[in-house]
Structure formats: structure tokens, C-alpha cells
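If you want the building blocks of each chain, they are given just below.
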Amino acid sequence: MSAAPPLSVDRLTVTVPGPAGPAEAVRGLSFSVGRGEALGLVGESGAGKSLTALALLGLLPAGVTASGRVLVGGEDVLALPERRRRRFRGGRLAMVFQEPAAALNPVFPIGFQVAEAVRAHRRLSRAAARGEALALLEQVALPDARRRFRDFPHRLSGGQRQRVVLAMALAGRPEVLIADEPTTALDVTVQAQILDLLGALRAEYGLAVVLITHDLAVVAETCDRVAVMYAGRLVEEAPAERLFAAPAHPYTRALLAAVPRLGRPAPRGGLPTIPGAVPEPGAAPSGCPFHPRCAEALARCRRDLPALYPLAAPAGGATAGAAVHLARCFLHGEEPQEAAAGGAEAA
Amino acid sequence: MIGSGTSALGAAAGIAAAAAEPAGTAVEPAALGAVPLLEARGLVKRYRLGGGLLGALGRGGGRRSGTVRALDGVDLDLDRGECLAVVGESGSGKTTLGRCLLRLIEPSAGRVRFAGEDLLALPARELRQRRRRFQMVFQDPDGSLDPRFTVGRALAEPLAVHGLAARAARPARVEELLRLVGLPPSAAPRYPHELSGGQRQRVAIARALATGPDLLIADEPVSALDVSVRGQVLNLLARLQDELRLALLLIAHDLALVEQVAHRVMVMYLGRVVESAPAAELFGRPQHPYTAMLLASVPVPDPAVRRPRGAAAGEPASALEPPPGCPFHPRCPIARPRCSRETPPPAEVRPGHRAACFYPGQAPRAHGE
């Protein structure tokens, strides 16, 4: 725990071309993930979470640029030449995306593809790589792994394919796993199984996991820490228990309230909502990006961007040291608070 | 805000006759002898797979051709003022069901009655005329909105097609429809790309309501929207349904969302209805082991609540080769030998609560909150 974390992101900014010139879709994002830790990166469309994933992997499309630092095991992914970056990906740094079919080659058997992933990062004979591949497929609990070894991807269900992709991700013995909406395309009973598997693999390999998702419930189940993004900015970061029990940013609070809970329906037609819509990338308003939708906005929220203010640990909190809770909101700042100007007048 | 617009809408659209019944909030149960607005019996949809690409690519067994039973004998009743949710995973047939009920695709067998009339026997011409009484809202509003048409034109078009408003009266109706779905009149000259996803879905709903339908089928109407916007559209649907006394068939996979609005819920698995019950019953006392597994799989947005590990197992079989007996038995935690031989028929386990299981209510319960 005292060594440098496997993944550390420092003031990452991603700039995308837009109709009105370059726009910053991710703005000054910093976080780190420790060994065996899972960080949930949560946001809605336009939050910048998927661009963050691509930047971490050094996979940004042409025309999109990143600044800042992404340190994986001490090396800056953004500064590496593409050749070395490629060896990084699938090696120390593995990834799982929403659509497993896109990560698999349709014309090769799955066993062969996992074996190739093994050989890409380790000097093994073909036979040894095949044995290793089978062991990996068994570890991700692909049913009938031995029999399915020669099956083509289309013979597998979505959940089985995602298991194969996870086996390929493990082939390079990664330290960091970036999972971008890994269960969003799956049915709920299959999602439950893949989330269980992710948790087991994290524990077994001590993986540092970044789980990128729009689904707060998925985060609650799988993550130790949560970073909430809105319009390209980190707006709140906290240990998961803390974030769900005592969300500090008005956006986090409203978002949590808007998630329907099984067994606790709101009065019919009365599900809490957030007025307005998320801003388009590059069209974030001045000041706090959430102020037009915020019920607690102050006059200065329209002018100034709040800093990420640290919140005091809860009274009696035993783990105060590591449990940093940050919120980008003046309600939690040092300054004396102004009288609420009310966000409603804008609507 | 919406009340005044509503009565005008009803009158203008010519649904006055339908709406003239006592405006009670209670749903007339079909059991009292009244005919439900929508009634389906033994609905079947088969797809034949030839030896072509689809047949060759089918996953599961080694069969190269065959018949897929996307719907395998579905019964359904839906009344005015009632919201029936159809839930299930991919391949359960819920989307096919919605389309078959409206004859957007032709069922292979079975019966559909709408307001007492046999929908499947109607000639195409008459079916087109009836279409204004049942409308559909899809997951992706962009699929139902032409990007070259302004919002105003998109809303005026169905009025013109069905002869529901004279040209001069249309702008006023368009404004009324916009207000009904919570959009300002200034939205009329806008193009779809100028609106947010939530606003586009509101326009799609307004367009569906333009003809004054009695029945609305909404297929995953909020799945494509941001979490913070889903509630707005869902609340709107619930409110419109109450105010216009619509029959609403909500097709959805998100159980927590369904619980917010549904009066009754039908759970489908591999083309069959495995359980149907009033919403509170179904969520509170699921009787079919598949329903119990579904509920236990839903992640809880609270780290303090631990979902039981291993509550869910397996994946649905291929519809090309459904297992013999109960379609769920290969994944069922309480399956017994009988389940792989015989198909359990839907049976009433409590009043209004049906389950197609030989051993209802015996599956382990969901989360212990």
C-alpha cells in the first residue's frame, strides 16, 4: 500500500474538435487507484467518462488530444511512443468494453484468441499457451471450457463472450483493468454473474480496477471508491459507503434520488427527477457546470468554478486517514456562504 | 397545467365517446363481464430459419435450420387506465409481443381483440383506419422522428393523415400536444437535432398521442435516456396515462423502473408468460423461480446491502432449441425431474396471480433488506 499506486491520473484534460472549435471534454481530472482497489467512475452522457477510458489506454481517436499524466506503474502512458504503448495495453493495462463481440475476432476460435493473447505477452510454446488459455477460460468460469475451446465467438452468448474477453484481459497478467460499461449490454441475470466474476478476479490478482458506468447500482455493488463526473469535471469523490450514505454534491444527491429502488417505489408518477438535460460536450455553462440544474445554486456558482473541497470525516469514522471525501461545491467551501439565489429562477 | 389541454385534446381527436365513461380511477376488471380493451389469446409467432446465413449462424446446437418460436402461446388482457408491464431478458419475446399485438408483424396463430373487434381478421385498409386508436413509442426517438421535419410538422402529420384536424386548426393542436408533454410552444419550429434526447422522446410521445389513441405500447421508452432524465419521461407517461385513461403496455427490462409505474406485470421467458400478477404481488411475493432470480439479480444502489452471490445462474437457452418441459428448468434452482418432461401451464396461485410452475413460491427469496 505504501508503494506508488498501479494507476495514477494527474490533471488529465482531453480536447475534442467541435463545430465551434476545440472543446475540453475532460477537464483536469485527477485520481489514483491502489492495488486490489476498484474505483467507480460514474457519469451520464457527456460526462467525459468514455473519453477518459480511451485516454487511459492511449486509444484516443485521431484529432482528439490529451494533456496531463496517466501513470501506470510509474510510466506515463500519454508520453510513451505508440510501439511501447501497444505492449502496455493488454499487458500491465487491460481493458474490457461494453460490447464483447467487438473485442473478439469472428473468424478465429476463442481458445486460439486467448492463446494468442497469452503469447503476445509471454514467451511460451503454442502448446503451453493453449494450456494456459484453457486454464484462463476455466478461471473465468466459461461453461464447458474444454469443449468450447474451438468454438467461434458467434456460438457463444453475450455473457460467455464477456467471459472470454476477461480471460484475454488476464492473459497479460495486468495490474490495472479498465472496464468501460462491461455489463451494460448484458441481461440482468448475466450482469450479476459477470459482476461477481469481476470481484473474484480483482481479489485473486490484486487488480486495480476502474469501472466506468452510468449505473450507480452497479458501482454500489462493486466499487470501494466512487468518482462522480459531470460535464467533463470530477464533482465528487468518496469511499463508496460514504458517497451513498452521505452524498455531498447536489448533483450526486439528485442523481441518487433519481435512481429507482426495487422494493421502494415512489408514488406513481412522482419519481424524483433533475430538471433540464446534461450539457453537450464543450457546451458546459460558466462557473459550476451543474448550476443551471441545481436547486441550491448561489449567485457565485454562475461565475466561479468551485474547487474540490475536502469534507470532514464523519464523527466516529474509524478510517478517517484514507477515506478522502471531496466535493466540487461552494456549499462545502471554506468561504462564508451567501444567501441562496435559487437555481429555479433560471428555469 | 395539463388538465385543460387534456379535455380539448380528447374532444378534438374524437375520443370523446371512449372517454365519456365514468372517469373513475379504478380499472374495470375483465372478470365482471366487461370486455377488456385489448385481449390476446394463444398468440404465437414462429420464424422459419432456412439453410441460409441465419440458420448457419444460430448458436446453441448444431441445427442448420428450423423454427424459432418467438412467441409461444401468450394470453394478455389490458384495460383502459391500466399499465401492464412486460418484462424479460433478451430473447424473451417481449418486443415481438408488442409488435404482434398491433400487427406491425403478423402473428402466426392466436387471436387479438381490440375493443371487441378481431384485429387479425381486419383487412389492411380497415386496419390502417384503426391505427389511430393504438400507437407505439420506441426506445430510440430518432427512429420515429424524421430529422428533416420540424417538431411542428412531425406532430401535424398524423393529424393530416387521419383527417383529425383541418389545416387551419393544426397549429393550435400542435401547441396543445406540446404542452401536454411539457414542451414549450417554441419547440414547434425546432428540428430534432436541436433538442435533447429527453425532449425528443417527449416529441415522440406527443406524436403518438396526436391521434387520440386508447392504447399506447411503449417499448423501452426510457432506456436510451440519461439516468437523470428517465424519471421525467416516466413520470410524464404515468401522468398522461392517468389523465387520458390510456391503456399502457410498457415493455421494459429494468425491474426497478417498472415497479414505479406498472399496475400489473407479466414476466416472459423464451416466448412464454411464466408469471403475471398485480405489481405489488409480483414484486412482493414472486412465485416463479425465474422471477425470483430476476429480482435477486437487480443491483442495489446501496453498498450496505449485499446482493446474495450466486443467486443467478446460466443464460437463456437458444430459442432455436428451447429445452423440453419447462423452458426455465436448466437454470432453475428447484427443478425436479418432472420439469424437464412436462411444460407447466399457467395456473392461478392467488387471486389474479398466475405462475407457470409446478412448484410455485418455493424458490429462495430475493435480497433480505
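Residues numbered from 1 in each chain as written. Chains lettered and ligands numbered in written order. Predicted model: local features only at pLDDT ≥ 70, side-chain atom pairs only at ≥ 80, totals over all residues.

1. Observations regarding the overall build of chain B
Heads up, the condition is: Labels follow the DSSP assignment, with helices taken as runs of H or I lasting at least four residues and strands as runs of E lasting at least two, numbered in each case from the N terminus. Residue burial here comes from a neighbour count, namely the number of other C-beta atoms, placed from the backbone, that lie within 10 Å of the residue's own C-beta, with 20 or more meaning buried, 12 or fewer meaning exposed, and in between meaning partly exposed. This entry defines residue contacts through backbone-placed C-beta atoms, with two residues in contact when those atoms are within 7 Å.
The helix and strand tally for chain B stands at 13 helices and 12 strands. Of all 369 residues assigned to chain B, the portion counted as buried reaches 50%. Pairs at least 24 apart in sequence give 68% of the contacts found in chain B among residues at least 6 apart.

2. Notes on the overall build of chain A
Here is the rule we go by: Radius of gyration: over C-alpha atoms. The globule rule applied is 2.2 Å multiplied by the number of residues raised to the 0.38 power.
A tally of regular secondary structure across chain A gives 11 helices and 12 strands. On C-alpha atoms alone, chain A measures out to a radius of gyration of 21 Å, which is about the 20 Å that the 2.2 N^0.38 rule sets for 347 residues. Judged by the C-alpha coordinates and their principal axes, chain A covers about 70 × 50 × 45 Å. For chain A, buried positions account for 48% of its 347 residues.

3. Brief notes about the sheet that holds strand 4 (residues 109–114) of chain B
Residues and elements named next belong to chain B. Note the following rule: Strands are treated as partners if at least two bridges between them are detected by DSSP.
Taken in spatial order, the four strands line up as 2-1-4-5 in an open sheet, and their pairing is antiparallel. Lying at the two open borders of the sheet, with one neighbouring strand each, are strand 2 (66–78) and strand 5 (117–118). Taken together, the two bridges between strand 4 and strand 5 define a ladder with antiparallel strand orientation. Directly across from Phe114, in strand 5, lies its bridge partner Glu117.

4. Remarks on the domain arrangement of chain B
All names here are of chain B. Defined as follows: How far each domain reaches was decided by an automatic or database domain assignment. All amino acids are sorted into three groups, where Ala, Val, Leu, Ile, Met, Phe, Trp, Tyr, Cys and Pro are nonpolar, Asp, Glu, Lys and Arg are charged, and the leftover types, Gly among them, are polar.
Each domain of chain B was delimited in the assignment, giving domain 1 (3–34 + 78–98 + 130–262) and domain 2 (281–369). Contact residues are listed per partner, giving five residues for domain 1 and six residues for domain 2. Class assignment for the residues of the side of domain 1 that touches domain 2 results in two nonpolar, one polar and two charged.

5. Brief notes about the packing of helix 8 (residues 188–205) of chain A against helix 13 (residues 289–297) of chain B
When two helices pack together, their arrangement is given by the angle between their axes and by how far apart the axes lie. Short version of the rule: Lines fitted to the C-alpha atoms define the axes, with helices restricted to the stretch that makes contact. Angles between their N-to-C directions range from 0 to 180 degrees. These descriptions rest on fixed angle ranges, namely under 35 degrees for roughly parallel, over 145 for roughly antiparallel, 65 to 115 for roughly perpendicular, and the rest for oblique. With the far helix as reference, a near helix turned anticlockwise by less than a right angle produces a left-handed crossing, and one turned clockwise produces a right-handed crossing.
Where helix 8 of chain A contacts helix 13 of chain B, the axes come no closer than 8 Å and their chain directions differ by 50°. The angle between the axes of helix 8 of chain A and helix 13 of chain B places the two elements in the oblique class. Two packed elements cross with a definite hand, and for helix 8 of chain A against helix 13 of chain B that hand is left-handed. Here helix 8 of chain A contributes A:Val188, A:Thr189, A:Gln191 and A:Ala192 to the contact with helix 13 of chain B, which in turn contributes B:Met293, B:Leu294 and B:Ser297. Broken down by class, the residue content of the contact of helix 8 of chain A with helix 13 of chain B amounts to four nonpolar, three polar and no charged.

6. Structural notes on the environment of B:Pro324
All names here are of chain B. Note on placement: Pro324 falls in the loop between helix 13 and strand 11 (347–350). You can call Pro324 exposed: it has 12 C-beta atoms within 10 Å. Along the backbone, Pro324 and Thr343 are 19 residues apart, and their C-alpha atoms lie at a distance of 7.6 Å. Ignoring sequence-local partners within four residues, the contact set of Pro324 consists of Ser340 and Arg341.

7. What about helix 10 (residues 227–244) of chain B?
Quick note on the threshold: Any helix carries an expected span of 1.5 Å times its number of residues minus one.
Taking 1.5 Å of rise per residue, the 18 residues of helix 10 of chain B would be expected to cover 26 Å, and the 26 Å separating its terminal C-alpha atoms lies within 8% of that figure. Looking one or two residues beyond helix 10 of chain B, the residue adopting positive phi is B:Arg245, at roughly 50°.

8. As for the nonpolar core
Here is the rule we go by: By convention in this section, buried Ala, Val, Leu, Ile, Met, Phe, Trp, Tyr and Cys residues joined through C-beta atoms within 7 Å make up a nonpolar core.
Counting 212 residues, the largest nonpolar core has A:Val114 and B:Leu250 as the members making the most contacts within it. Here this core takes nine residues from helix 10 of chain B, the largest share from any one element. Residue assignment places this core across two domains, with domain 1 (3–34 + 78–98 + 130–262) and domain 2 (281–369) of chain B each supplying three or more. Those residues in contact with B:Leu250, other than ones at most four positions away along the chain, are B:Cys83, B:Ala85, B:Ala218, B:Val258, B:Val261 and B:Ala262.

9. Concerning the environment of B:Gly143
Structurally, the position occupied by B:Gly143 is in helix 6 (residues 141–144). Distance from B:Gly143 to B:Ala204, taken between C-alpha atoms, is 9.3 Å for residues 61 residues apart in sequence.

10. Focus: the pairing of strand 4 (residues 65–72) of chain A
Residue and element names in this part refer to chain A. Summarising the sheet, strand 1 (residues 7–16) and strand 4 pair through seven bridges and their orientation is antiparallel. Paired with Val14 across the bridge in strand 4 is Ala66. Two elements, strand 4 and strand 5 (residues 75–76), share two bridges in a ladder whose sense is antiparallel. By the bridge assignment, Val72 is partnered in strand 5 with Glu75. Between strand 4 and strand 5, which follow one another and run antiparallel, lie two residues, and Gly73 among them has a positive phi close to 55°.

11. Regarding the sheet that holds strand 12 (residues 326–327) of chain A
All names here are of chain A. In spatial order, the strands read 6-7-8-3-9-10-12-11; together these eight strands make up an open sheet with mixed pairing. At either margin of the open sheet sits one strand with a lone partner, and together these are strand 6 (93–96) and strand 11 (309–310). Bridge count for strand 3 (residues 38–42) against strand 8 (residues 208–213) is five bridges, and the pairing is parallel. Counted as the bridge partner of Val42 is Thr213 from strand 8. Sheet strands touched by helix 1 (residues 49–57): strand 3, strand 6, strand 7 (176–180), strand 8 and strand 9 (225–230). Its angle to strand 7, the strand with the most contacts, is close to 150°.

12. As for the interface of chain B and chain A
Residue-level contacts link 41 residues of chain B with 44 residues of chain A. Elements represented by at least two residues in the side of chain B that touches chain A include exactly helix 10, helix 11 (255–261) and helix 13 of chain B. With nine residues, helix 10 of chain B is the largest single contributor of residues to the side of chain B that touches chain A. Here the residues of the side of chain B that touches chain A sort into 21 nonpolar, 10 polar and 10 charged.

13. Here we look at the pairing of strand 11 of chain B
Residue and element names in this part refer to chain B. Of the strand pairs in this sheet, strand 11 and strand 12 (residues 353–355) are connected by three bridges, and their pairing is antiparallel. By the bridge assignment for strand 12, Ala347 is matched with Ala355. Hairpin connection of strand 11 to strand 12: two residues between the antiparallel strands, including Gly352 at a positive phi of 75°.

14. Observations concerning the confidence of the model for chain A
Which entries qualify depends on this criterion: Scored from 0 to 100, pLDDT records how confident the predictor is in each individual residue.
Residues at a pLDDT of 70 or more form 93% of chain A, whose mean pLDDT is 90. Here residues 336–347 of chain A is modelled with pLDDT under 50, and outside its nearest four sequence neighbours on either side it reaches 19 contacts, counting other chains as well.

15. Topic: unusual backbone geometry
One non-glycine residue, A:Arg11, lies in positive phi territory at about 45°. Inspection of the secondary structure assignment puts A:Arg11 in strand 1. Non-glycine residue B:Arg103 carries a positive phi angle of around 55°.

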